[in-house]
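Inside the fold
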Amino acid sequence: MKKPPVSRRNFLSGSAAGAAAFNIMSPQAAKSYQANSKISVGLIGTGNRGSYDASIVHSDPRGRITALCDLYDDRIEKAKQTIKVENPTVYHDFEKMLASPDIDAVVIATPPFEHPRMLEAAVQAKKHIYCEKPAGVNIEGARRVIAAGKKCDPKKNLSFGFQQRYGPVYLEAFKRLQAGEIGPITNARAYWIAGDPFKRIPYPDPKIEHLRNWFCYRDYSGDFIVEQDCHNFDVLHWFLNTHPVSAVGRGGRKVRTDMEILDHLNLTFTFPDEIHVNFEANQLSPPGFSHVGEQFTGTKGVLDTSRQRLIHTKGPRSVETIESKRDITYDGIEAFLQRILDGDVENVAQRSAVSTLFAILGRTAIYNNREATWKGEFGDIA
């Protein structure tokens, strides 16, 4: 039995502990912003994830949440309590929020199918952007994100909520990989095995039900392989530094039969140089059990990565473990705020869209019960 992963869904109770650690403001920051000023941030999408992200921003001395946008007033009122923000400007139209000159940056945390459209608008409005993953739910959405990234103001950050890229244990693992400490990678695997994180709530209006229970529907969520497992795929993309050639797999519904989405799946990806990567995920495990992370096997050792820890196996009697000190969402959001202050611009639209396409390739193979190839599905996207 594994300890539950430190994640967005089980870390809320411990979020206050992580808020104490902040980066020191650089000399560039003092030049960029007046003393005692803060980055003004608007939140688009005030559900659980958006409220959690925004609470980190608002508790950081570099940022403050000044505006909230959502279609539903009850969501906004709940978000105010979670974020602990008083008298924010409230919007029901995200384009009106983006038109405000008082907002420096936005967090986009709406249902995944809306990410491309809202990211495009935020780019046009010349805001700094922190967009939750994934980069859309289909190939068209991924292409829109890539195109928007190319149009982004070179002075504005375009970041995604792939937190592993900023987590200290992941950065240390990648450093060791780059230094050759496990030798060339010969095999890899990844897994997200846990319980069902979703609770469907009935609403009398079918349109409202569809939108507020977006996770139940393929066209809104992309299925859980896209909505959730894109985290694993982003790590594979990062560490292997390429995209898969093809994918085959199977999946189905055994427990969660009242939703359109799967509740379990298995995939095998083939990468260049005949590196084969196994991926397994489910959302049907009993409460209290979870196993989430990645494993990279080299000729000289093995790296096991997760949000909780890094385990580096160097030999029969040599295993080093480095524990994660907090939820790595803090690291991602703090890096975003610091980049704004420093002018150290990050634009990760392309890589985030490609990581999302890993999931879409696997989903295509499962849905169509056939081998799906990168070139056949996505052409020359790299």
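Residues numbered from 1 in each chain as written. Predicted model: local features only at pLDDT ≥ 70, side-chain atom pairs only at ≥ 80, totals over all residues. Heavy atoms only, no water.

1. A closer look at the pairing of strand β9 (residues 264-271)
The element β9 is extensively covered by neighbouring structure, given that six of its eight residues are classed as buried. Here β9 folds back onto strand β10 (residues 275-283), and the loop between the two strands holds three residues, one of which, aspartate 273, carries a positive phi near 65°. (Buried < 20%, exposed > 50% of the residue type's maximum accessible area, 1.4 Å probe, protein only. Helix = DSSP H or I, 4+ residues; strand = E, 2+ residues; numbered from the N terminus. Pairing = 2+ DSSP bridges.)

2. Considerations on the sheet that holds strand β2 (residues 63-69)
Strand order in the open sheet formed by six strands is β3-β2-β1-β4-β5-β6, with parallel pairing between adjacent strands. Every interior strand has two partners, whereas the edge strands, β3 (89-91) and β6 (158-160), have only one. The sheet shows a mean angle of 25° between the axes of neighbouring strands, taken without regard to direction. Bridge count for β2 against β3 is three bridges, and the pairing is parallel. Opposite cysteine 69, over in β3, you have tyrosine 91 as the bridge partner. Packing against the sheet, helix α3 (residues 48-59) makes contact with β1 (39-44), β2, β4 (105-108) and β5 (128-131), and its axis sits at approximately 150° to β2. Against the sheet, helix α4 (residues 73-83) makes contact with β1, β2 and β3, and its axis sits at roughly 170° relative to β2, the strand it touches most. (Axes fitted to C-alpha atoms, helices over the stretch in contact; angles between N-to-C directions. Contact = heavy atoms within 4.5 Å.)

3. Considering helix α8 (residues 168-178)
Among all positions in α8, only Val169, Tyr170, Ala173, Arg176 and Leu177 are buried. Looking straight down α8, one finds its buried side chains confined to an arc of 125°; they lie on one side. Relative to its buried face, α8 has exposed residues pointing more than 90 degrees away, namely Lys175 and Gln178. Where α8 is buried, its residues meet β7 (185-194), α12 (230-240), β11 (291-298), β12 (302-305), β13 (309-315) and β14 (318-323). Looking at the residues trailing α8, positive phi occurs at glycine 180, about 80°. (Arc of directions from axis to C-beta.)

4. Let's talk about unusual backbone geometry
Of note, the bond from lysine 133 into proline 134 is cis; its omega dihedral lies within 30 degrees of zero at -5°. Structurally, proline 134 can be placed in the loop between β5 and α7 (139-151). Here lysine 126, not a glycine, exhibits a phi torsion of approximately 60°, which is positive. Counting through the fold element by element, lysine 126 comes out in the loop between α6 (115-124) and β5. On the basis of relative accessible area, lysine 126 is assigned to the partly exposed category, the value being 47%. A positive phi angle is found at aspartate 273, which is not glycine, with a value near 65°.

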